[in-house]
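# Fold and contact review
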Amino acid sequence: MLERGEVANSWRRERWDSLRLLTPNWQSRLPGLRYEGPDPDGYMTMQEVTELVERLAKVSGAPVRTGTNVTSVRRADDGYHVATNRGKIRCRAVVIASGACNQPAVPAFSGAVPESVEQLTPFGYRHPGQLPDGGVLVVGASATGVQLAAELHRSGRPVTLSVGEHVRLPRTYRGRDVLWWMDASGVWDQRYDEVEDLTRARGLPSPQLVGTPERTTLDLNALTSMGVEMVGRWAAVRDGRALFSGGLRNVFSLADLKMRRLLDTFDEWALTSGRDAEFEPPERPVPTPVPQASRLQLDLGSGEVRTIVWATGFRPDYEWLDVPVVDAKGQLRHEGGVVDSPGLYALGLPVLRRRKSTFMCGIEDDAREVIEHLAQYLDTGR
Ligand SMILES: Cc1cc2nc3c(=O)[nH]c(=O)nc-3n(C[C@H](O)[C@H](O)[C@H](O)COP(=O)(O)OP(=O)(O)OC[C@H]3O[C@@H](n4cnc5c(N)ncnc54)[C@H](O)[C@@H]3O)c2cc1C
């Protein structure tokens, strides 16, 4: 196992200080390791996740070579040539487990933002004290965007949130964590070959969730009542002005509709499994109200906004992969983790084999099936 940094590198280096997992502790299980502490419904801090992954490395006895950066993987007659900063390796098979979120995805028009405005990505952001005083424009309203918008607003800065397509979820539903419902109802186990539109499912943004001891719901309604201003999706920069789309009504109603459908699925499962009486009665969160008039532009040179935080998602980095298996959008071509080159495999990508594939608790089931294929390949060459 080659790791360019330390064990749990992404949790140590690429997350902000206040972040907690959005999956509850009982769900943050790794092969052979289950949460046994006093707060199964709580959410781990980054320090706690790092310790968990370190413990797994130790108890599993995994042969991890830290500080080993893979700079190239090339196909050879009998397998692959792997080049690293610590020498070369030849192997018959390679599993790409380098993560789905190696780089923040920032739109190209960020280059047209005036220099007087600071720009940050979630990889550079640690805490509000880093930012100059004054207004902040947070771009993107998925898990990262809503969490940073709330934190920056609490620090006393006026916050504007640019909202595109998003996934709205209540933190708890009928007395249970919403991710408990995803697990129990089987939604998370839905397989990649049963999903109607796989490309769309793989590109879905992360749900608007935050892990707090109070189990708070952090949707757009919560942010609006805090005083965060909503604007539409940021479409372009023209003459130093940010231009936002006017389609907030559609974006809000689509997210509300999808949330209601998902809650319907949970209710249906509760009834058909005979467990309905165990839970509080069904409820529906109030729809997201559309602001009377959302601003369509913002003068970036006016001093109103001093910092832009790009919470516009992440993408994988395959710069080091010299095998032609990456598509024009920068995504790996694979069938359930079996990459389009003999002996090459992947794990930890969105809906790799199941809807839960990118969550820590989802990788184990995928790994079992992918490794079964790999073992057969090593045995038979097919
Ligand atoms: C902001 C954020 C919040 C998240 N919250 C949750 C959550 O609450 N619950 C949850 O279950 N999941 C969460 N996730 C998803 C989480 O990242 C995955 O569950 C988990 O980290 C995936 O593990 P992984 O090992 O596949 O990828 P990663 O954790 O990304 O690990 C990949 C490793 O590969 C190393 N690497 C990359 N390229 C190279 C190279 N060329 N050479 C050598 N090493 C390399 C990296 O240094 C890194 O350590 C979150 C993700 C993000 C970005």
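Anything mentioned here points back to the structure above.
Residues numbered from 1 in each chain as written. Predicted model: local features only at pLDDT ≥ 70, side-chain atom pairs only at ≥ 80, totals over all residues. Heavy atoms only, no water.

## Regarding unusual backbone geometry
Located in the positive-phi region is Arg 215, a residue other than glycine, with phi close to 55°. Mapped onto the elements of the fold, Arg 215 is located in the loop between helix 5 (198-203) and helix 6 (220-226). Judged by relative accessible area, Arg 215 falls into the partly exposed class, the value being 28%. You will see that Val 351, though not glycine, has its phi angle at about 45°, which is positive. (Helix = DSSP H or I, 4+ residues; strand = E, 2+ residues; numbered from the N terminus. Buried < 20%, exposed > 50% of the residue type's maximum accessible area, 1.4 Å probe, protein only.)

## Looking at a negative patch on the surface
On the surface, a cluster of negative charge is contributed by Asp 39, Asp 41, Glu 48 and Glu 51. Here Glu 51 lies in helix 2 (residues 46-60). A relative accessible area of 38% places Glu 51 in the partly exposed class. (Patch = residues over 30% accessible without salt bridge, like charges linked within 9 Å, V, L, I, M, F, W, Y side chains within 5 Å. Areas by Shrake-Rupley, 256 points an atom, 1.4 Å probe, with all protein chains shown as cover. Salt bridge = Lys/Arg side-chain N within 4 Å of Asp/Glu carboxyl O. Lys, Arg positive; Asp, Glu negative; His and termini not counted. Charge placed at Lys NZ, Arg CZ, Asp CG, Glu CD.)

## Some remarks on the environment of Arg 354
Among the secondary structure elements, Arg 354 is positioned in the loop between strand 19 (344-346) and helix 8 (363-380). For Arg 354, a relative accessible area of 8% puts it in the buried group. Each C-alpha atom, one on Arg 354 and one on Glu 194, is 9.2 Å from the other, the two residues being 160 residues apart in sequence. Not counting residues within four places of it along the chain, the set of residues in contact with Arg 354 comprises Trp 188, Asp 189, Gln 190, Arg 191, Tyr 192, Asp 365, Asp 366 and Glu 369. (Contact = heavy atoms within 4.5 Å.)

## Focus: the pairing of strand 15 (residues 305-310)
Most of strand 15 sits out of view: 5 of its 6 residues are buried. Bridge count for strand 6 (residues 118-120) against strand 15 is 3 bridges, and the pairing is parallel. Residue pairing for strand 15: Leu 120 is matched across the bridge by Val 309. The sheet contact formed by strand 7 (residues 135-139) and strand 15 spans 5 bridges and is parallel. Note on strand 15: the bridge partner recorded for Val 136 is Thr 307. (Pairing = 2+ DSSP bridges.)

## Observations concerning the pattern of salt bridges
For the structure on display, the rule yields 28 salt bridges. Residue Asp 267 is joined to Arg 284 by a salt bridge in which the shortest nitrogen-to-oxygen separation is 2.7 Å. Here Asp 267, found in helix 7 (residues 248-272), pairs with Arg 284, found in the loop between helix 7 and strand 14 (297-299); they are 17 residues apart in sequence, far enough to count as distant. Relative accessible area serves as the criterion here: at 11%, Asp 267 is assigned to the buried category.

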